[in-house]
Structures are given as C-alpha cells and as structure tokens.
Amino acid sequence: MKGRVLLASLCLLAGCERGMHQMYDQPRYERGDEAPLFADGVAARTPPQGSVATTGTEAMPEPPPHTEALLERGRDRYTIYCTPCHGAGGDGDGMVVRRGFPRPPSYHEQRLRDADDRHIYDVITHGWGVMYPYADRVSPADRQAIVAYIRALQFSRHAPVDRLEPEDLSRLRDLPDAGSRR
Ligand code: HEC
C-alpha cells in the first residue's frame, strides 16, 4: 500500500515537472496588467504592511488516507492557488515572487518538514504573515488534499533510500530532474 501511494505521488510529481516547464513558457505580465494566469488576480495585489495572521481554533477534519485521488486533487488545487508564489516544486520561487512579492520559505527547509499537517492547514485557513488566508477559496477537504500533496513534494526530495521499493527507485531515476536527487 505504501509503495503504491509513493508511486502515485512520484507520477504526480513527474506531471508537476511538466507543469513547471509549461509555466516557464507562459507570457510575462507587467505590474498593473491583467494577469489571467492567476485565477484570483493575486498577482497585482500588494499586502498591507504589518498585516498579521490571526490564529484560529477551527477544527481540522480527520486526515483522509493519502490516496492517488487525494494527491491528484491536491496537485490540482496547489497548482492553482499556491504555485504562483511557492513554485511548482515548493521552493518559494513562483512567478509572483519573481515579480517582487516577498519570498516564502521553501517547503524543503527543516522547520517546515518538521511542521505537522495541522500547521500547514492552519496557514491555508488563516494566512501567515504577508500571505493571505485562503479559507474562502479552498474548502476544508481541498486544504487537506493540498497538505497531502505538499507532504509528497517534501518526501520526494528527502525520501530515505531504504524506505523505497526497488521499482520506486527506478521510477525516481526516470524523472526528468533525477540528477538532482542522486
Ligand atoms: C501571493 C503569494 C502566496 C500564495 C498564493 C500562497 N502563499 Fe504561502 N506564503 C507566502 C509568503 C510570502 C509566505 C511567508 C509569509 C511570512 O513569513 O510573512 C508564505 C508562507 C507559507 C507557509 C509557511 C508558514 C511558516 O510556518 O513559515 C506555508 C506552509 C504556506 N505558505 C502554504 C501555502 C499554501 C498551501 C498555499 C496555497 C493554498 C499558499 N501558501 C499560497 C506567499 C503565498
């Protein structure tokens, strides 16, 4: 079961790399232009200085099993709502950041690898520092799908080799940017 889920996430990540390259091919927009690339038009907005994220006590639904369908949904929502700033690989190098928005931390730094699911869920719900809350655009179920996808992204960079099945390893070598994982 673990192996199957991992395989599923690797396939998704392979798709993700393709998406990234497509993104690089997108036309660029100047500040003030309409930016149809970003569904919520967030590209043109500037956050109010000193805005503070509120903390809340909204319950997080029971974590769903990490199925292929969940990861696929997570990738889809992540690509729409998070990639513009966090980048397809989660490095914090999205298009909006390259146009001057404050750079988010990489999901691959130790602190965020150690953070629990709840923290990421809460950041989506309530925002964090200069990042806007997404509660009105991303449903609780979709927040969980995004959390699962971010976990897969993190795992893809730091998977301990002894936790991989042989077929997973060969899949990993087949990925387009496999060189950086060796
Ligand atoms: C408009 C740009 C933007 C978008 C879109 C965005 N973020 Fe962020 N995010 C940021 C910035 C900037 C920070 C760092 C904020 C700070 O520390 O003040 C951040 C921080 C984070 C953090 C780290 C919190 C911590 O503990 O340091 C997580 C997790 C996160 N975002 C998840 C998401 C997810 C999931 C989505 C999509 C639903 C998303 N973000 C969409 C800009 C964005």
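**Side note on the site of the ligand**
Here comes step 1: With respect to spatial proximity, 22 residues lie near the ligand, and among them Cys82, Cys85, His86, His119 and Met131 are the closest.
Here comes step 2: One of the side-chain nitrogen or oxygen atoms of Arg111 is found 2.7 Å away from an oxygen atom of the ligand.
Here comes step 3: Contact distances for the ligand include 3.3 Å between an oxygen atom and a side-chain N or O atom of Trp128.
Here comes step 4: The element contributing the most residues to the shell around the ligand is helix H6 (residues 117-126), with three residues.
Here comes step 5: Among the residues forming the shell around the ligand, the class breakdown is 18 nonpolar, three polar and one charged.

**As for the confidence of the model for the protein chain**
In regions of low pLDDT, the predicted coordinates are not meant to be interpreted in detail.
Here comes step 1: On average, residues of the protein chain score 76 in pLDDT, and 64% of them reach the 70 mark or higher.
Here comes step 2: For the protein chain, helix H1 (residues 2-24) is the element with the lowest average pLDDT, namely 49, and helix H3 (residues 83-86) is the one with the highest, namely 98.
Here comes step 3: When the criterion is pLDDT under 50, residues 15-48 qualifies, and its contacts beyond four places in sequence or with other chains add up to 43 contacts.
Here comes step 4: Contacts of residues 50-54 to residues separated by more than four positions or lying in other chains number seven contacts, the stretch itself having pLDDT below 50.

**Examining the nonpolar core**
Here comes step 1: One finds Tyr78, Ile124 and Ile146 to be the most contacted residues of the largest nonpolar core, which totals 17 residues.
Here comes step 2: If you list the elements that add at least two residues to this core, you get helix H2 (68-81), H6 and helix H7 (140-158).
Here comes step 3: Of all the elements, H7 adds the most residues to this core, at five residues.
Here comes step 4: With sequence-adjacent residues up to four places away left out, Ile146 is seen in contact with Gly74, Arg77, Tyr78, Cys82, Ile124 and Val138.
Here comes step 5: Counting residues in each nonpolar core, the second largest holds five residues, with Leu70, Leu71, Ala145 and Ala148 among its members.

**A short note on the pattern of salt bridges**
Here comes step 1: Summed over all chains, the structure comprises eight salt bridges.
Here comes step 2: In this structure, the salt-bridge partner of Asp91 is Arg157, at a minimum N-O distance of 3.0 Å. In this pair, Asp91 is assigned in the loop between H3 and helix H4 (95-98) and Arg157 in helix H7, connecting sequence segments 66 residues apart.
Here comes step 3: For Arg118, the salt bridge goes to Asp122, with nearest N and O atoms at 3.0 Å. Taken together, the residues Arg118 and Asp122, both in helix H6 and four residues apart, mark about one turn of the helix.
Here comes step 4: Residue Arg118 is classed as partly exposed on the basis of its relative accessible area of 27%.

**Some words on the coordination of the iron atom of the ligand**
Expected angles at a metal are 109.5 degrees for tetrahedral coordination by four donors and either 90 or 180 degrees for octahedral coordination by six donors.
Here comes step 1: Donor atoms from the polypeptide that bind the iron atom of the ligand are His86 (NE2) and Met131 (SD), placed at 2.0 to 2.1 Å.
Here comes step 2: Owing to a relative accessible area of 11%, His86 belongs among the buried residues under this scheme.
Here comes step 3: For Met131, a relative accessible area of 24% gives the class partly exposed.

**Points about the packing of aromatic side chains**
Each aromatic ring pair is summarised here by two numbers: the centre-to-centre distance and the angle between the ring planes.
Here comes step 1: By the definition in use, this model includes three aromatic pairs.
Here comes step 2: Through successive ring pairs, a cluster of aromatic residues spans Tyr78, Tyr107 and Tyr149.

**Topic: the side chain of His108**
Here comes step 1: Mapped onto the secondary structure, His108 falls in the loop between H4 and helix H5 (110-114).
Here comes step 2: Looking at His108, its side chain comes within polar contact range of the side chain of Arg157, at 3.4 Å.
Here comes step 3: Every residue in contact with His108, bar those within four places of it in the chain, is listed here: Gly89, Gly90, Asp91, Arg113, Leu153, Gln154, Arg157 and His158.

**Some points on the environment of Glu109**
Here comes step 1: Structurally, the position occupied by Glu109 is in the loop between H4 and H5.
Here comes step 2: For Glu109, a relative accessible area of 33% puts it in the partly exposed group.
Here comes step 3: The spatial distance from the C-alpha of Glu109 to the C-alpha of Asp91 is 9.0 Å, given a sequence separation of 18 residues.

Cut-offs used in this document
Residues numbered from 1 in each chain as written. Predicted model: local features only at pLDDT ≥ 70, side-chain atom pairs only at ≥ 80, totals over all residues. Heavy atoms only, no water. Near = heavy atom within 4 Å. Polar contact = N/O pair within 3.5 Å; in protein donor to acceptor, adjacent residues only side chain to side chain. Helix = DSSP H or I, 4+ residues; strand = E, 2+ residues; numbered from the N terminus. Nonpolar A, V, L, I, M, F, W, Y, C, P; charged D, E, K, R; others polar. pLDDT = per-residue confidence, 0-100. Contact = heavy atoms within 4.5 Å. Core = buried A, V, L, I, M, F, W, Y, C linked by side-chain atoms within 4.5 Å. Buried < 20%, exposed > 50% of the residue type's maximum accessible area, 1.4 Å probe, protein only. Salt bridge = Lys/Arg side-chain N within 4 Å of Asp/Glu carboxyl O. Donors = N, O, S within 2.8 Å, 3.2 Å for Na, K, Ca; no water. Phe/Tyr/Trp six-rings, centres within 6.5 Å; stacked < 30°, edge-to-face > 60°.

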